[in-house]
Amino acid sequence: MSTTLLVVDDDDEIRELLCDYLKEAGYEVCAAANGEQMREQLARHKVDLVVLDLMLPGEDGLSLCRQLQTQPGLAVVMLSARGSTLDRIIGLEVGADDYLAKPFEPRELVARIKAVLRRPQRLETEPETSASEAQLFAGLRLDHVKRLLVHPDGQAFNLPRSDYRVLRELLDANNRVVSRDHLTRSAFGRDHLPDDRSVDMCISRLRQQLRRAPGHGAQILTIRNEGYLLSLAREALGA
């Protein structure tokens, strides 16, 4: 099956050059100049990976990257003229699978796209589940099909792909510490980098969700120099 890429860049010349080069590399390619066009293309095509420019008018690349986290299995390679370590970390924290500073060699972009698409998390779907399968823990319900965290009052919150995978790993650990390295590989399909706070951001968002639940029956604890531990007030049950 062919792989479809979506190039999102507001510079007409750069967008056209990228599309031509990626087509020559064997990919199906569609293009967009902004967030609205990006969403239109995603509605029309089954896209495997988005090449996303950071500096866009209106909705910038960081905002769009956050939106793309709700798309199961969709990878993002972010492009930016701002190539500092901090900019790269911010891009990865919001969910980009890779970050490439401009100017760059088109061959390097193709190599990075191939590397991202080879990662197990991109080649596999989420765990096979029946429509009713979920996991109960501390009064909460994690829907493995829709990636919903359902609270006792019935409120349901859609978890970004990375947050869902982190929570799933913590639940599967069954009261054992899970390292940042393991969570980074599970959530983002890459090794943990120095000063990489991507997993920490996932943990922060999950803690906010857990604090909304009455009684705070579940807590994510930071274990110094080791990782994270999900502490439950009562045993998790598989539905």
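Cut-offs applied
- Residues numbered from 1 in each chain as written.
- Predicted model: local features only at pLDDT ≥ 70, side-chain atom pairs only at ≥ 80, totals over all residues.
- Heavy atoms only, no water.
- Helix = DSSP H or I, 4+ residues; strand = E, 2+ residues; numbered from the N terminus.
- Buried < 20%, exposed > 50% of the residue type's maximum accessible area, 1.4 Å probe, protein only.
- Contact = heavy atoms within 4.5 Å.
- Areas by Shrake-Rupley, 256 points an atom, 1.4 Å probe, with all protein chains shown as cover.
- Axes fitted to C-alpha atoms, helices over the stretch in contact; angles between N-to-C directions.
- Parallel < 35°, antiparallel > 145°, perpendicular 65-115°, else oblique.
- Left-handed = near helix turned anticlockwise from the far one by under 90°.
- UniProt positions renumbered as here; feature names shortened; annotations may be inferred.
- Salt bridge = Lys/Arg side-chain N within 4 Å of Asp/Glu carboxyl O.
- Core = buried A, V, L, I, M, F, W, Y, C linked by side-chain atoms within 4.5 Å.
- Pairing = 2+ DSSP bridges.

### Re the overall build of the protein
So, point 1. In terms of regular secondary structure, the protein is built from nine helices and 12 strands.
So, point 2. When the 239 residues of the protein are sorted by exposure, 47% land in the buried category.
So, point 3. For the protein, contacts bridging at least 24 residues in sequence account for 56% of all contacts bridging at least 6.
So, point 4. Accessible surface, the protein as shown: approximately 12300 Å² in total, 48% of it carbon and sulfur.

### Some points on the packing of helix H2 (residues 35-44) against helix H3 (residues 61-68)
So, point 1. Interhelical geometry of H2 versus H3 gives an angle of 25° and a closest axis separation of 11 Å. One element, H2, and the other, H3, form an angle in the roughly parallel class. Note on packing geometry: the crossing formed by H2 with H3 is right-handed. From H2, Gly-35, Met-38, Arg-39 and Leu-42 reach across to H3, where they touch Leu-64, Gln-67 and Leu-68.

### Focus on the UniProt feature "modified residue: 4-aspartylphosphate" (unreviewed entry) in the protein
So, point 1. If you check UniProt for "modified residue: 4-aspartylphosphate" (unreviewed entry), the listed places come out as Asp-53 in our numbering.
So, point 2. Mapped onto the secondary structure, Asp-53 falls in strand S3 (residues 49-53).
So, point 3. Classification of Asp-53 by relative accessible area gives buried; the value is 5%.

### Here's the deal with the pattern of salt bridges
So, point 1. If you walk through the whole model with that rule in mind, you get nine salt bridges.
So, point 2. Across the salt bridge formed by Arg-15 and Asp-12, the nearest N and O atoms sit 2.8 Å from each other. Of this pair, Arg-15 and Asp-12 both sit in helix H1 (residues 12-24), three residues apart, which is roughly one turn of the helix.
So, point 3. Overlapping salt bridges, with partners in common, bring together Asp-9, Asp-53 and Lys-102 in one network.

### Some words on the nonpolar core
So, point 1. If you look at the biggest cluster of nonpolar residues, it comprises 26 residues, and the most contacted ones within it are Phe-137, Leu-142, Val-166, Leu-167, Leu-170, Ile-220 and Leu-230.
So, point 2. Of all the secondary structure elements, the ones that give two or more residues to this core are strand S7 (140-143), helix H7 (161-172), helix H8 (180-188), helix H9 (198-212), strand S10 (218-223) and strand S11 (227-232).
So, point 3. In this view, Leu-230 contacts Leu-167, Leu-170, Leu-171, Asn-175, Leu-210, Ala-218, Gln-219 and Ile-220; residues no more than four positions away in its chain are not counted.
So, point 4. Judged by nonpolar contacts, the second largest core, of 21 residues, contains Leu-6, Val-8, Ala-96 and Tyr-99.

### What about the sheet that holds strand S2 (residues 28-32)?
So, point 1. Spatially, S2-S1-S3-S4-S5 is the arrangement adopted by the five strands of the open sheet, whose pairing is parallel. Edge positions in the open sheet fall to S2 and strand S5 (98-101), since each of these has one partner strand only. Each adjacent strand pair in this sheet contributes to an overall mean axis angle of 20°, direction not counted.
So, point 2. In the packing of helix H5 (residues 106-118) onto the sheet, the strands contacted are strand S1 (4-8), S3, strand S4 (75-80) and S5, and the crossing angle to S5 comes to about 175°.

### With respect to unusual backbone geometry
So, point 1. In this structure, the amide linkage connecting Lys-102 to the following residue, Pro-103, adopts the cis form with an omega of -5°.
So, point 2. Within the secondary structure layout, Pro-103 lies in the loop between S5 and H5.
So, point 3. A positive phi angle is found at Ala-138, which is not glycine, with a value near 50°.
So, point 4. For Ala-138, the location among the structural elements is in the loop between strand S6 (134-137) and S7.
So, point 5. According to the relative accessible area criterion, Ala-138 is buried, its value standing at 9%.
So, point 6. Its identity is not glycine, yet Asn-225 carries a phi of approximately 65°, on the positive side.
So, point 7. The topology assignment puts Asn-225 in the loop between S10 and S11.

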